[in-house]
Structure formats: C-alpha cells, structure tokens
There are 2 protein chains.
Amino acid sequence: MNRLTLIKVGGKVVENQDSLNALLDQFVRISGNKILVHGGGRTATDIAGKLGIETEMVDGRRITGESMLDVVTMVYGGLVNKKIVAGLQARGCNAIGLSGADLNLISAKKRPVKEIDYGFVGDIVDVNSRELRMLIEENVVPVVAPLTHDERGQLLNTNADTIAAELAAELADYFNVYLFYCFEKKGVLRDQNDDNSIIHELDTALYREYQQNGVINAGMIPKLDNGFRAKRIGVKEVLITNPENMANGRGTRLVL
Amino acid sequence: MNRLTLIKVGGKVVENQDSLNALLDQFVRISGNKILVHGGGRTATDIAGKLGIETEMVDGRRITGESMLDVVTMVYGGLVNKKIVAGLQARGCNAIGLSGADLNLISAKKRPVKEIDYGFVGDIVDVNSRELRMLIEENVVPVVAPLTHDERGQLLNTNADTIAAELAAELADYFNVYLFYCFEKKGVLRDQNDDNSIIHELDTALYREYQQNGVINAGMIPKLDNGFRAKRIGVKEVLITNPENMANGRGTRLVL
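Attention in this report is confined to the structure presented alongside it. Since this is a predicted model, take the numbers as computed values, not measurements.

### Some details on the relation of the copies chain B and chain A
After a rotation of 180° and a shift along the axis of 0.0 Å, chain B superposes on chain A with an RMSD of 0.0 Å. When the rotation and shift are considered jointly, the pair of chain copies conforms to a two-fold rotation axis. By C-alpha distance to the rotation axis, the residue of chain B lying nearest is B:Gly78, at 1.9 Å. Interface overlap between copies is the fraction of interface residues in one copy that are interface residues in the other; for chain B against chain A it reaches 100%, indicating a shared surface.

Here it is as structure tokens:
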C-alpha cells in the first residue's frame with residue numbers, strides 16, 4: 001500500500017498569513033500522497049463578531065445556530081479553504097478544497113439535544129472515499145474544511161480533529177496512513193511551562209496516568225482520544241506535532 | 001461525443017431559498033453530464049454591508065478591494081457554493097464545489113488598472129479541464145463559484161457569465177456542450193414590459209440591430225457577447241432562459 005500523510009492543522013496556524021505560509025512551505029515538502037484538514041474557529045469568531053453574532057462555546061465546542069452556521073460555512077468552506085488551496089497551487093501542489101458535502105464525502109447527523117443544544121453540529125455517520133481516492137491517485141491534494149451534511153440538504157459544523165481521525169480510519173483500508181495533528185506546540189508536553197518537555201511516546205496506560213494526574217489538560221483530550229481511536233482502527237502512525245517538525249516526523253507518537 | 005449541459009445561474013435565482021430549491025429541482029431533471037456555474041452578488045453586497053464594507057459597482061462590475069475579496073471568497077466559495085452542493089446531494093446528484101483555484105481549474109491575471117482600478121478582479125488566462133473531465137466521467141456534477149486565481153497564491157473575483165462561456169468553450173473539444181444562461185426572464189425580450197415577447201432565435205445581425213435600436217439593454221450585452229463567443233468557438237447550443245424552462249430547452253437560442 002502507498003503511504004498517505006493526513007495533516008490536521010488548526011488554531012493559530014491557519015489564521016495568520018505568515019504562519020499559514022510557513023505551514024504550506026512545510027506541507028509541500030512532505031513527499032507522496034497527502035491530505036490537509038483545517039480548522040478556522042478564530043476567524044469564524046472574529047467574522048461572527050463583526051456581523052453582530054455572539055459566539056458561545058461549551059467545553060471548547062461551538063454552539064452553532066442558524067446564523068453561526070452561515071458564518072462557519074463562509075469562513076471554513078470559503079475564506080480559509082480557498083486561501084489554503086490558492087497557496088498550495090502557488091507552490092505547485094494540485095490542491096482541491098472539499099467540505100463533507102462535496103462528493104458526499106462525510107455524512108453526519110445533527111447532534112441530539114440533551115443537556116445542551118449544540119445547534120447545527122454534526123456527528124459523523126459515514127465517510128465515502130471513492131472519488132476522494134480517485135483524486136488522490138491522480139496526485140491531487142484534498143484540503144478538507146470541517147463541515148459535513150446530513151444528505152438531506154443540511155450543512156453541519158463538525159470538529160476538524162474528528163474529521164481527520166475518521167478520514168484517516170476510512171483511508172487505512174487503502175493506504176498506509178500517517179495522521180499528524182499539527183498545532184502550536186512541539187508535541188504533548190509533560191510541563192505546560194516548558195516547551196521542550198515533549199512526551200516522545202504516549203501509550204494508553206501512560207495517557208490514562210497523565211489524564212489522572214492532570215499532566216494532560218482538557219484541550220488535548222479530544223485530540224488524543226481521536227488519535228488513539230484512529231490508531232486502533234489501523235492508522236499506521238499518529239503524531240502530535242507542530243508545522244516546523246511536520247516534515248521530519250518529530251513530536252509525540254501515539255502507541256497502543 | 002457525449003452531451004454536457006452547462007448551466008449558469010445568477011442573480012435572484014440562487015439567493016433565495018425557495019427559488020434555489022426550485023432551480024435545483026429543475027437542474028436534477030436534466031439528463032446526462034452537467035455543470036452548474038453560479039453567481040451570488042446580492043448576498044455578497046448584503047454581507048459586505050453588514051461588515052461595514054461599501055459595495056462599489058462600475059458598469060455592473062464589482063470593485064474588489066482586499067476586504068471585498070474576502071467577502072466574495074466567503075460568499076461565493078463558501079456560503080452559496082456549499083448550500084448548492086448540499087442541496088444537490090440531497091437530490092441524489094453527486095455534486096462537488098469548485099473555485100478556479102481548485103484543481104488549478106481557471107487561472108487569471110489581475111485586471112490592469114486603466115481608467116478604473118477594479119482591484120482583485122481576474123481576467124481569465126487559461127482553463128485546465130483535465131481533472132474536471134475525470135470527475136465528469138465519474139458522473140460527478142461540478143458546481144463552480146466565480147473565483148479564479150493567478151497561480152501565485154492570489155484569489156481573484158471573476159464574472160460568472162465569462163467563467164461559464166470559457167468553461168463551455170474549453171469543454172467543447174471533449175463534449176457536445178449546451179450552454180444555458182439562466183436568469184429571471186424567459187429569454188431575451190423584444191419588449192421589457194412584456195414577459196412573453198421572447199426572441200426565440202437571435203443571430204448576430206439581429207443582435208446588432210437590437211443593440212442599435214435599444215431593444216437589448218446594457219445588462220444583457222456581456223451575457224450575449226459571451227454566449228456568441230462560446231458559440232463561435234464550438235459550443236453546440238447557447239440558450240438564454242429561466243429555471244422553469246431550463247429542462248425543456250425553451251428561451252432565446254443564439255445562432256451564428
């Protein structure tokens with residue numbers, strides 16, 4: 001099977017032109033087939049604010065009312081996605097922007113209302129990679145925005161970390177998938193105040209221990225849960241890293 | 001050669017949920033390969049207004065400063081495009097949204113500043129249909145937003161009528177292309193006050209005559225110029241019509 005590198009980038013990395021350029025410079029250095037999954041929450045919050053729409057987050061998850069859904073559709077599917085695509089094309093990388101609605105790539109269902117009504121937030125039901133794989137075989141590089149659809153015409157806001165893990169798991173049947181979660185830090189840190197205290201290898205026992213004693217904080221948990229899940233499903237390697245170390249594979253490696 | 005129907009929809013048709021639904025219902029009735037090219041100017045003007053960005057038009061063309069470029073990238077590439085894609089998927093039509101940057105589909109150069117500085121507006125340089133044709137062969141339906149790029153990372157705002165004509169001309173080498181310009185009226189009218197005064201067939205001599213005596217008004221001229229150009233380059237049929245008559249082929253037919 002061929003190697004496929006799936007990079008999730010989020011947060012500050014994609015929302016500032018300089019750090020985005022640095023990321024794209026690193027991304028094009030990765031050889032072989034690749035996919036980029038991006039976030040864009042800060043820009044969405046910013047645009048929403050300018051439009052007079054209040055951003056409400058619960059446990060780091062965005063409450064997505066009707067007008068907020070329009071904002072994330074514009075920002076993730078339009079502004080952030082197309083800037084990345086144009087930036088990759090400028091670097092000779094034949095990118096294509098996709099949401100989960102395009103090619104029916106990712107179908108989801110609206111999250112049921114329990115204690116919290118998240119609004120138009122989608123939990124993934126299925127990944128259909130047929131046409132995606134066809135594009136990859138043609139050396140096209142998919143750039144995926146964190147939006148899904150319910151197959152009945154409704155777009156839904158879906159967490160980019162989860163999209164990356166689900167895409168990786170689906171593609172593990174066809175490729176040796178390397179899943180990299182890329183953020184501002186060099187990896188998962190043993191000490192939040194020491195950027196060099198990288199945990200080079202994290203297994204499930206150590207992960208549990210670090211969760212219990214608070215070494216690993218709340219923000220990292222969904223990313224790591226997604227990563228371990230992908231690893232269990234057959235993803236070859238899961239790495240938590242930053243853009244500078246993406247191409248050389250340094251960071252925190254998940255092991256089962 | 002197979003038949004390919006390329007529909008350009010614009011104006012009011014795509015910017016109201018009811019008329020968009022009606023359009024998509026008609027669109028999926030068209031058999032064979034097809035492409036949808038859309039506008040979205042009114043929504044862009046609306047969102048720009050809410051963001052405090054003033055819309056300035058010269059001869060129906062939008063002056064596209066840096067912040068207006070972000071607005072059209074969000075609205076055309078994100079909001080309008082993804083709503084159409086999700087709506088088509090709901091109707092069993094395997095749509096994919098594309099800008100001119102995706103797959104390097106349409107490269108353009110920033111319009112030179114003469115009397116007027118249009119800002120980030122692109123004049124088309126080249127259409128690269130390789131991957132687009134591959135998708136069409138797989139029965140995927142491209143939905144194209146009126147954005148291009150300069151291959152150096154700059155997105156550009158490009159007229160949707162022109163994009164439709166250039167795509168049609170490029171694809172005429174591979175398909176029997178039927179290009180339909182779809183708007184609110186049933187066709188080109190002999191009398192603007194009589195919606196039934198449709199000119200069923202318009203040749204270049206008659207077009208010139210109607211332009212001279214003012215029967216055809218300024219707004220229609222770029223559309224018709226684009227249409228006649230596509231027809232000369234080898235597009236099988238060019239029709240000016242409305243969504244209701246799209247599937248049955250009624251309207252104003254251009255003949256050379």
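### Focus: the interface of chain B and chain A
On the chain A side, the residues contacting the 38 residues of chain B number 38 residues. Carbon and sulfur atoms supply 68% of the area buried between chain B and chain A, which totals about 3000 Å² over both sides. There are 6 salt bridges connecting chain B and chain A. Between A:Glu138 and B:Arg130 there is a salt bridge, with its nearest N and O atoms 2.8 Å apart. The interface formed by chain B and chain A contains 12 residue pairs in polar contact (both at pLDDT 80 or more). Contributing elements (two or more residues each) for the side of chain B that touches chain A: α2 (41–50), α3 (66–90), β5 (95–98) and α4 (130–137) of chain B. Here the element with the most residues in the side of chain B that touches chain A is α3(B); it accounts for 14 residues.

### What to know about the pairing of strand β13 (residues 237–241) of chain A
Residue and element names in this part refer to chain A. Most of β13 is tucked away, with 5 of its 5 residues classed as buried. Across the two faces of β13 the burial is the same, with Glu237, Leu239 and Thr241 and Val238 and Ile240 all buried. With 5 bridges connecting them, strand β11 (residues 176–182) and β13 associate as parallel partners. Along β13, the bridge assignment pairs Leu179 with Val238. In this sheet, strand β14 (residues 252–255) lies alongside β13 in antiparallel orientation, the contact comprising 2 bridges. Across the sheet, the residue bridging to Leu239 is Arg253, located in β14.

### As for the sheet that holds strand β11 (residues 176–182) of chain B
Residues and elements named next belong to chain B. If you trace the 8 strands from one edge of the open sheet to the other, you get β5-β8-β2-β1-β11-β13-β14-β12, paired in mixed fashion. The open sheet is flanked by β5 and β12 (201–203), the only strands paired with a single partner. Across this sheet, the average inter-strand angle for adjacent strands is 20°, counted without regard to direction. Where β5 lies against strand β8 (residues 141–144), 4 bridges are found, and the strand directions are parallel.

### Points about helix α2 (residues 41–50) of chain A
For α2(A), the full list of buried residues reads A:Thr43, A:Ala44, A:Ile47 and A:Ala48. Projected down its long axis, α2(A) shows its buried positions confined to an angular sector of 135°, all on one face. Contacts made by the buried residues of α2(A) are with β4 (61–62) and α3 (66–90) of chain A together with α3 of chain B. Looking one or two places after α2(A), you find A:Gly52, whose phi comes out positive at around 80°.

### Examining the environment of B:Asn248
Residues and elements named next belong to chain B. Assignment of secondary structure puts Asn248 in the loop between α8 (243–246) and β14 (252–255). Among the residues examined, Asn248 registers a relative accessible area of 40% and is labelled partly exposed. Residues Asn248 and Asn94 lie 154 residues apart in sequence; the distance between their C-alpha atoms is 22 Å. Polar side-chain contacts of Asn248 include one of 3.1 Å to the backbone nitrogen of Arg250.

### Section: the packing of helix α5 (residues 160–171) of chain A against helix α7 (residues 221–233) of chain A
Residue and element names in this part refer to chain A. α7 packs onto α5 with a crossing angle of 5° between their chain directions and a minimal axis gap of 9 Å. As far as their axial angle goes, α7 and α5 are roughly parallel. Residues Asp161, Thr162, Ala165, Glu166 and Ala169 of α5 pack against Lys223, Asn226, Arg229, Ala230 and Ile233 of α7. Among the residues forming the contact of α5 with α7, the class breakdown is 4 nonpolar, 2 polar and 4 charged.

### Examining the pattern of salt bridges
Residues and elements named next belong to chain A. All told, the structure shown has 24 salt bridges over all chains when counted by the stated rule. In this structure, Lys185 engages Asp195 in a salt bridge whose closest nitrogen and oxygen atoms are separated by 3.4 Å. With Lys185 in the loop between β11 and β12 (201–203) and Asp195 in the loop between β11 and β12, the pair connects residues that are 10 residues apart, well separated along the chain. Classification of Lys185 by relative accessible area gives partly exposed; the value is 29%. Judged by its relative accessible area of 42%, Asp195 is partly exposed. Residues joined in a network through salt bridges with shared partners are Lys8, Asp161 and Lys223.

Reading the values: the criteria
Residues numbered from 1 in each chain as written. Chains lettered and ligands numbered in written order. Predicted model: local features only at pLDDT ≥ 70, side-chain atom pairs only at ≥ 80, totals over all residues. Heavy atoms only, no water. Least-squares fit on C-alpha atoms with pLDDT ≥ 70 in both. Contact = heavy atoms within 4.5 Å. Buried area = accessible area lost by both parts, 1.4 Å probe. Salt bridge = Lys/Arg side-chain N within 4 Å of Asp/Glu carboxyl O. Polar contact = N/O pair within 3.5 Å; in protein donor to acceptor, adjacent residues only side chain to side chain. Helix = DSSP H or I, 4+ residues; strand = E, 2+ residues; numbered from the N terminus. Buried < 20%, exposed > 50% of the residue type's maximum accessible area, 1.4 Å probe, protein only. Pairing = 2+ DSSP bridges. Axes fitted to C-alpha atoms, helices over the stretch in contact; angles between N-to-C directions. Arc of directions from axis to C-beta. Parallel < 35°, antiparallel > 145°, perpendicular 65-115°, else oblique. Nonpolar A, V, L, I, M, F, W, Y, C, P; charged D, E, K, R; others polar.

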